[in-house]
Amino acid sequence: MNKTTGLMLGTLTAAIMSTSALAQTTITVSTWAGPNHGINTMVWPTWKSWIEEATEGRVTVEVVHDMGPPASQMEMVADGIADATWVFHGYNTGRFELTKLPEFPTFEDFSSENASAAYWRTHLEYLEQAGEHRGVDVVAAGVHGPGWIFSSEQYQTLDDMKGKRIRVGGGVMGDLSNALELTGVALPPTGVYEAGSQGVIDGAMLVPEGLRSFRVAEIFPYTLKVDGGFYRGSFTIVVNPMIWDQMSAEDREAVEAVSGERLSRLFGYMMDVSDVRGVDFAEEQGHTFTELGGDDLETLRGISDDMIEAWAESVSASRDVDAMAAIEFFREQLAAAAEDDSVGDLVPDELK
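Sequence order as written defines residue numbering, which begins from 1 separately in each chain. The predicted origin of the model limits local features to residues at a pLDDT of at least 70 and limits the giving and counting of side-chain atom pairs to 80 or more, whereas totals for whole chains, interfaces and linings rest on all residues. Excluding hydrogens and water, the side-chain figures rest on all heavy atoms present in the structure.

## Regarding the pairing of strand β8 (residues 203-206)
Along β8, one buried face is formed by Gly203 and Met205 and the opposite face, lined by Ala204 and Leu206, is buried too. As paired strands, strand β5 (residues 148-151) and β8 are joined by four bridges and run antiparallel to one another. Note that in β8 the partner of Ser151 across the bridge is Gly203. When DSSP finds at least two bridges between two strands, those strands are taken to pair. Secondary structure follows DSSP: runs of H or I at least 4 residues long count as helices, runs of E at least 2 residues long count as strands, and numbering of each begins at the N terminus. Direction of pairing for strand β6 (residues 165-168) relative to β8: parallel, over a ladder of two bridges. Looking at the pairing, Ile166 lines up with Gly203 of β8. The cut-offs for exposure are 20% and 50% of the maximum accessible area for each residue type, with area from a 1.4 Å probe on protein chains only; residues under the lower value are buried, those over the upper are exposed, and the others partly exposed.

## Some details on the nonpolar core
As used here, the term nonpolar core means buried Ala, Val, Leu, Ile, Met, Phe, Trp, Tyr and Cys residues forming a set that is joined through side-chain atoms within 4.5 Å. Ranked by internal contacts, the top residues of the largest apolar core, which has 88 residues, are Trp47, Trp86, Leu180, Met205 and Phe230. Contact definition: two residues touch when any of their heavy atoms are within 4.5 Å. Those residues in contact with Trp86 that sit more than four places away from it in its chain are Ser30, Thr31, Trp32, Ala33, His37, Ile39, Trp44, Gln73, Phe235, Thr236, Ile237 and Phe267. One finds Val192, Ile201, Phe220 and Ala282 within the second-largest nonpolar core, a separate group that totals 16 residues.

## Let's talk about the sheet that holds strand β11 (residues 288-291)
The strand order across the open sheet formed by six strands is β7-β6-β8-β5-β9-β11, and the pairing between neighbours is mixed. Of all strands in the sheet, those with a lone pairing partner are β7 (183-186) and β11, marking the two edges. Strand-to-strand twist in this sheet, taken as the mean axis angle between neighbours without regard to direction, amounts to 25°. Sheet analysis places β6 next to β7, joined by four bridges and oriented parallel. Note on geometry: axes are lines fitted to C-alpha atoms, helical ones only across the stretch in contact, with angles between N-to-C directions running from 0 to 180 degrees.

## Re the pairing of strand β1 (residues 25-31)
Judged by how many residues are buried, β1 sits mostly within the fold: six of seven residues are covered. Across seven bridges, β1 lies against strand β2 (residues 59-65) in parallel orientation. Across the sheet, residue Ser30 finds its bridge partner in β2, namely Val64. Two elements, β1 and strand β3 (residues 84-88), share two bridges in a ladder whose sense is parallel.

## Remarks on empty space enclosed by the protein
With a 1 Å grid laid over protein atoms only, a set of points is called a cavity when a 1.4 Å probe fits there but cannot get out and a pocket when it is open yet has protein on both sides within 12 Å along at least five of seven lines; lining residues have an atom within 4 Å of a point. Grid points are joined across faces, edges and corners, and a volume is the space filled by probe spheres set on the points. Scanning the model with the defined rule gives one cavity of 30 Å³ or more in all. As for the largest cavity, its lining consists of His89, Leu98, Thr99, Tyr119, His123, Leu127, Glu128, Glu132, His133 and Thr236. Looking at which element gives the most residues to the lining of the largest cavity, the answer is helix α4 (residues 112-127), with three residues. Each residue is assigned to one class: nonpolar for Ala, Val, Leu, Ile, Met, Phe, Trp, Tyr, Cys and Pro, charged for Asp, Glu, Lys and Arg, and polar for all the others, Gly among them. Tallied by class, residues from the lining of the largest cavity come to three nonpolar, five polar and two charged.

## Focus on the packing of aromatic side chains
Classification of ring pairs uses Phe, Tyr and Trp, with its six-membered ring standing for Trp, and accepts pairs whose centres are within 6.5 Å; under 30 degrees between planes counts as stacked, over 60 as edge-to-face, and the remaining range as tilted. Counted by the stated rule, this structure contains eleven aromatic pairs. Aromatic pair Trp44 and Trp47: ring centres 6.0 Å apart, planes at 45°, arrangement tilted. Note that Trp44 and Trp47 are positioned in helix α2 (residues 38-54) at a spacing of three residues, about one turn of the helix. Each member of the pair, Trp44 as well as Trp47, carries the same accessibility label: buried. For a ring to carry a charge above it, either NZ of a lysine or CZ of an arginine must fall within 6 Å of the ring centroid while also lying within 35 degrees of the normal to the ring plane. In this structure, Arg262 is placed above the aromatic ring of Trp50, and the distance from its NZ or CZ to the ring centre is 4.2 Å. Residue placement shows Arg301 over the ring face of Phe107; its charged tip is 4.6 Å from the ring centre.

## Concerning the confidence of the model for the chain
Per-residue pLDDT for the chain averages 92, and the proportion of residues at 70 or more is 93%. Summary of the metric used: pLDDT quantifies the predictor's per-residue confidence within the range 0 to 100. Long-range and interchain partners of residues 3-22, a stretch whose pLDDT sits below 50, account for two contacts in this model, where long-range means more than four residues apart.

## What about unusual backbone geometry?
One non-glycine residue, Asp66, adopts positive backbone phi at about 60°. When you line up the elements, Asp66 lands in the loop between β2 and α3 (73-78). One non-glycine residue with positive phi stands out, namely Phe107, at about 60°. Topologically, Phe107 is positioned in the loop between β3 and α4. Classification of Phe107 as buried rests on a relative accessible area of 13%.

Here's what the structure looks like:
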C-alpha cells in the first residue's frame, strides 16, 4: 500500500467514524413531577432501556427536571426546547376536549394499564384525526388510577361534601366538582399538602398514589371512593416531530416499536404500582376508606350520564368525531386489553 492510498483510507475511516458519531441521537425529555414519582423512577428509565436495546445504543434518552410548569410542556416540545414530555390534558383548559373520554366514571374496577392500552387504541381509531395535539407527535397515551376524594373529616354521602373546599384539577374532575356543588380550588398535586395542612382546603380529588407520593395521607385521614373512581386522568407522551430527522428510518421504526401501546401500558402499569403503594402507606397511617353507595351511587351515575351526553354533543360538532362511538370503542377495548399480557415482565426488576 502506497502512502497516498493509506492517507485516503485513513480519511475514509475518519469520515465513517464521524458519520457514526453523528448518528447518535439523544431524546431530551422534560419531566415536571418530583424525582421520586413513578414517571421518573420507572417509566423514563425503562423506555430508555428499551430504546437503547432496540437501536443497539444509537438512540438514548436524557431526562431533565423542572424545565417548565406542567401547563407549558406541550408548547416546550412543539418549540423544540425539549424533544419529549408527558402531558396532563387537564392542565391545558380549552385546548383538549376529546381527551376527557377516558376520564368519565365507569363504576367498574379496571387497571390503569388496561385503560391506557384501550386509550391508545381509541386514540388511533378515533381521536388522532381531530388534531388536538398539533405540533407534536403522540407516542403513547395514559390513564391514571381511580380518582377518589380525600378529606379532613369523613364524608359518607354526596350531601356531606356540598360547599366543601376541595382541590381539583382540570378536565372531567373540574366538571364533576361543579355538578357535585363543591367549592373547587384549583391546585397542582404538589400544592395539596401545604394547602391541606394550613386549612386552606377541606379535601382533595386525587389518585391513591398521592396518599404517599404527595403525603396526602398525613393531612387527610379519610377517603370516599367508588368503583372505578369518581374520575380518571388523561395523559399523553409526545415528541417533537423533528427528532425523527436525527435518526435513521430503521432507528425511528425501532423507537416507535417500543412506544405506542407498549409505552402506554408501561405508563398505566406504573400508575397501578404507585396506587398500591399509596393505599398501603395510608393503611399504615390508620386511614379510613368509605365506599359511596345507595341512592348516592345512582345520583352519581345520573350526573356522569349527563356529563357524557353534553361532552359527546359538543365534541362531535366541534371536532368532527363520533364521540359516543369512540367512548363505546374505548370501553370495549378495556375488556379486550385485559386479555393481553401485562408489560410488567418487560420492566427491569430494579425499576419496579
